[in-house]
Every structure is written in C-alpha cells, then in structure tokens.
Amino acid sequence: MTIVRQNTLNTNVNSSVSPPEKLAEKYIEAERMHDVLLLLQNLINSEEATVKLILGCLYDVGSVNLINQKLRSKPLNRVMKLIARMSKPVFRTLAFNWFKKNCPQLITTWLHTQVSFGNLPNIPQQVPIEVTELQPYSIPQTENLSQEIKNLRYQVRWLAGIAIIAIAVLGVAALG
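Residues numbered from 1 in each chain as written. Predicted model: local features only at pLDDT ≥ 70, side-chain atom pairs only at ≥ 80, totals over all residues. Heavy atoms only, no water.

Caption draft 1: Spotlight on the overall build of the protein. Secondary structure assignment for the protein yields six helices and zero strands. The N-to-C order of helical and strand elements in the protein reads α-α-α-α-α-α. Split into buried and exposed, the 176 residues of the protein put 12% on the buried side. In the protein, the proportion of contacts linking residues at least 24 apart, taken out of those at least 6 apart, comes to 75%. Only carbon and sulfur atoms are counted for the fraction: they give 63% of the accessible area of the protein, which is about 15700 Å². (Helix = DSSP H or I, 4+ residues; strand = E, 2+ residues; numbered from the N terminus. Buried < 20%, exposed > 50% of the residue type's maximum accessible area, 1.4 Å probe, protein only. Contact = heavy atoms within 4.5 Å. Areas by Shrake-Rupley, 256 points an atom, 1.4 Å probe, with all protein chains shown as cover.)

Here's what the structure looks like:
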C-alpha cells in the first residue's frame with residue numbers, strides 16, 4: 001500500500017512547473033544562443049579589418065547626409081565635410097570599440113526574437129484623437145515673428161562667416 005500526499009495549500013504547483021522536456025528545450029535554446037553570441041564575438045575579432053571598413057563606409061555616407069541635411073550654407077557645408085573626413089580615423093576606432101562591446105549581444109537578441117515564433121507583433125489599436133482648432137497669429141504678432149526670424153538668420157550668417165575665417169586662420173597657422 002502506497003501513501004500519496006496531496007498538497008492542500010497549493011494545488012496549482014504541477015500546472016505552473018514546466019515538464020522536463022520543456023526545461024531541457026529551454027536549456028538547449030539558451031545554450032545555443034550563447035553559442036551564437038560567442039560565434040559573433042569570434043567573427044568580429046577575426047574580421048576586424050572588415051568591420052572597420054564597413055563602419056568607415058557607414059560614416060562616410062552618414063556624415064555627408066547629416067551635414068547636407070543640417071547645414072544649407074555652402075561654405076560651412078564644405079568646411080564641415082572636411083572636418084568630418086579628418087575625424088574619420090577617430091570615429092572608426094571609437095565605433096569599432098563600441099561595436100565590439102555591444103553588437104554581438106544586440107545581434108544575438110535580435111536573431112533570437114526572429115527565431116522565437118511565440119510572440120506575434122501586436123496590431124496597434126486606433127486611438128481617437130481630439131483635434132482642436134488653431135488660433136492664427138494676429139498681424140502685429142506675425143510681423144514681430146517675421147522680423148525676429150530675419151534677425152536670427154542675419155546672426156547665423158555672421159557666425160558662419162566668423163567660424164569659416166577662424167578655421168581658415170587656424171589652418172594657415174597650423175601649416176605655417
């Protein structure tokens with residue numbers, strides 16, 4: 001005769017514990033994802049030159065696009081592109097160190113989300129938005145804002161010119 005005790009305090013214990021097969025699968029999954037992380041770290045270490053070239057190409061494209069987007073003034077645009085080209089080696093070193101430290105884990109996490117099919121993306125729900133009617137500016141206020149914009153543009157032109165002259169003087173002084 002066998003005596004079986006029933007847990008009267010918590011009857012849901014068996015339903016919350018995963019069967020041994022699930023635990024084994026989770027362990028194997030974690031182990032394989034750790035292997036992916038180690039392989040990515042090894043890949044980055046062995047292909048350092050390739051990673052640096054990729055980062056350099058991304059820097060070239062990104063810096064030119066950012067400068068073109070933010071700076072409309074031709075002379076200032078050219079000077080900033082020159083500065084961006086000169087700072088590329090520093091960027092490449094800093095970016096590679098960041099890449100080496102962070103990207104294997106980021107890539108591993110992203111890849112894990114790609115192969116775990118359990119979570120389907122949530123479809124965004126439509127939220128009602130209350131639209132309020134805008135009050136237009138009065139004519140004196142519009143003129144005041146227009147004059148302020150003109151003054152700010154004038155100041156930006158002066159500052160850009162001063163910056164270009166200062167950079168040119170520093171360049172001549174450095175060469176001389």
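Caption draft 2: Spatial organisation of the pattern of salt bridges. Under the definition given, this model contains three salt bridges. Arg32 is paired through a salt bridge with Asp35; the nearest N and O atoms lie 3.2 Å apart. With Arg32 and Asp35 both in helix 2 (residues 20–46) and three residues apart, the pair spans about one turn of that helix. For Asp35, a relative accessible area of 24% puts it in the partly exposed group. (Salt bridge = Lys/Arg side-chain N within 4 Å of Asp/Glu carboxyl O.)

Caption draft 3: Structural context of a nonpolar patch on the surface. Taken together, Leu82, Ile83, Met86 and Ile167 make up a surface patch of nonpolar side chains, about 360 Å² in accessible area. For the nonpolar patch, the element with the most residues is helix 4 (residues 74–86), which contributes three residues. Topologically, Ile167 is positioned in helix 6 (residues 139–175). (Patch = residues over 30% accessible without salt bridge, like charges linked within 9 Å, V, L, I, M, F, W, Y side chains within 5 Å.)

Caption draft 4: View of the confidence of the model for the protein. Residues with a pLDDT of 70 or more make up 86% of the protein, whose mean pLDDT is 83. Contacts of residues 4–15 to residues separated by more than four positions or lying in other chains number one contact, the stretch itself having pLDDT below 50. (pLDDT = per-residue confidence, 0-100.)

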